[in-house]
Amino acid sequence: MDDLEQRAARLIAQARRVAVLTGAGVSAESGIPTFRGMGGLWRGRDPLSLATPEAFAADPALVWDFYNWRRRIVREAAPNPAHRALAELAQRVPHLTLITQNVDRLHQRAGSRDVLELHGNLDEVRCTRCGVTSDRANEELPSLPHCDSCGALVRPGVVWFGESLPPGIFEAAEAAVQSAEVFLVVGTSAVVYPAAGLVGTARGGRAAVIEINLEPTPVSGVVDIGLYGKAGEIVPRLVSA
Ligand code: OAD
């Protein structure tokens with residue numbers, strides 16, 4: 001452990017309230033492609049162009065094929081040491097709030113509870129007509145899955161670009177960050193708002209911000225400590241220290 005990591009570990013050890021924001025990078029070592037950078041294209045398309053209400057309206061089968069592909073990858077994946085270390089950290093810190101932009105539920109599979117899912121999840125689907133949400137985890141869904149209640153087309157239970165976050169979730173995340181003494185920002189490119197804005201929220205409060213990423217991001221200039229390397233290696237070191 002180098003000096004910076006030791007400083008970070010001390011801050012965490014002394015904190016009574018810790019907030020954590022994770023992004024796709026925390027699941028990269030579980031084999032789940034990230035959105036930007038190393039993720040690349042899906043069938044020649046930019047994955048971000050498929051995560052929109054417009055894409056779903058234009059070609060629901062194409063968008064469902066993309067989500068069914070992601071659901072399969074996630075089903076076959078397992079939590080990695082970063083997920084497990086964050087679940088363990090929650091046992092050691094008096095108050096820990098885990099906020100994630102990920103839809104893969106690997107945090108929950110690693111044992112984290114009460115995760116604030118800013119962007120929904122891949123397990124649930126929502127009816128485009130009656131609005132009923134149902135849990136279809138571990139199921140192989142057809143190309144155009146339908147609602148059990150009313151028979152209309154369902155959509156993935158995720159938040160797409162241009163849509164609002166689930167009610168109350170962002171407010172809960174902001175409150176946790178505002179009252180935190182340490183805010184860990186792990187594996188996110190920090191370019192998608194409002195999630196990325198939580199770093200500003202932390203700076204307006206009292207939290208020391210610790211960024212863990214493979215490489216610097218747009219928020220690196222304002223964080224207190226930047227630790228650059230694999231989340232699956234750095235996070236377990238911080239937690240065990
Ligand atoms: P991105 O794909 O934008 O960024 C992943 C980040 O993880 C990058 O900064 C990588 O450098 C970093 N990274 C990759 N592997 C890592 C590793 N092993 N250890 C540490 N860091 C690693 O993913 P997000 O920031 O999560 O939203 O993207 C934010 C949102 O944009 C997503 O939730 C999704 C996407 O579009 C919606 O779909 C609404």
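The structure displayed is predicted, hence computed values, not measured ones.

1. Considering the sheet that holds strand β6 (residues 154-158)
Strand pairing within a sheet occurs via backbone hydrogen bonds; the two strands may be parallel or antiparallel.
And step 1. The antiparallel open sheet is built from three strands, whose spatial order is β5-β4-β6. Each edge of the open sheet carries a strand with a single partner, namely β5 (133-135) and β6. Sheet twist, expressed as the average angle between the axes of neighbouring strands with direction ignored, equals 40°.
And step 2. Here three bridges tie strand β4 (residues 120-127) to β5, and the two strands are oriented antiparallel to one another.

2. Side note on the sheet that holds strand β3 (residues 116-117)
And step 1. Overall, parallel pairing links the six strands, which are arranged β3-β2-β1-β7-β8-β9 in an open sheet. Where the open sheet ends on each side, the last strands, each with one partner, are β3 and β9 (225-228).
And step 2. Taken together, the five bridges between strand β7 (residues 182-186) and strand β8 (residues 208-213) define a ladder with parallel strand orientation. Paired with Leu184 across the strands is Ile210, a residue of β8.
And step 3. Strands β7, β8 and β9 of the sheet are contacted by helix α10 (residues 231-240), whose axis makes an angle of about 140° with β8.

3. Some details on the nonpolar core
And step 1. Grouped together as the largest cluster of nonpolar side chains are 26 residues, with contacts concentrated most on Leu184, Val186, Ile210, Ile212, Leu227, Val235 and Leu238.
And step 2. At the level of elements, α1 (3-14), β1 (17-22), α6 (81-92), β7, β8, β9 and α10 are the ones that each hand at least two residues to this core.
And step 3. A total of five residues in this core trace back to one element, the largest contributor, which is α10.
And step 4. Residues in contact with Leu184, not counting those within four places in the same chain, are Ile12, Ala19, Val20, Leu21, Leu86, Leu89, Ile210 and Ile212.

4. Section: the pattern of salt bridges
And step 1. In this structure the tally under the stated criterion is twelve salt bridges.
And step 2. Glu140 serves as the salt-bridge partner of Arg75, at 2.7 Å between the closest nitrogen and oxygen. Taken as a pair, Arg75 in helix α5 (residues 60-76) and Glu140 in the loop between β5 and β6 lie far apart in primary sequence, 65 residues in all.
And step 3. One continuous salt-bridge network, built from bridges that share partners, spans Arg72, Arg75 and Glu140.

Definitions and cut-offs
Residues numbered from 1 in each chain as written. Predicted model: local features only at pLDDT ≥ 70, side-chain atom pairs only at ≥ 80, totals over all residues. Heavy atoms only, no water. Pairing = 2+ DSSP bridges. Helix = DSSP H or I, 4+ residues; strand = E, 2+ residues; numbered from the N terminus. Axes fitted to C-alpha atoms, helices over the stretch in contact; angles between N-to-C directions. Contact = heavy atoms within 4.5 Å. Core = buried A, V, L, I, M, F, W, Y, C linked by side-chain atoms within 4.5 Å. Buried < 20%, exposed > 50% of the residue type's maximum accessible area, 1.4 Å probe, protein only. Salt bridge = Lys/Arg side-chain N within 4 Å of Asp/Glu carboxyl O.

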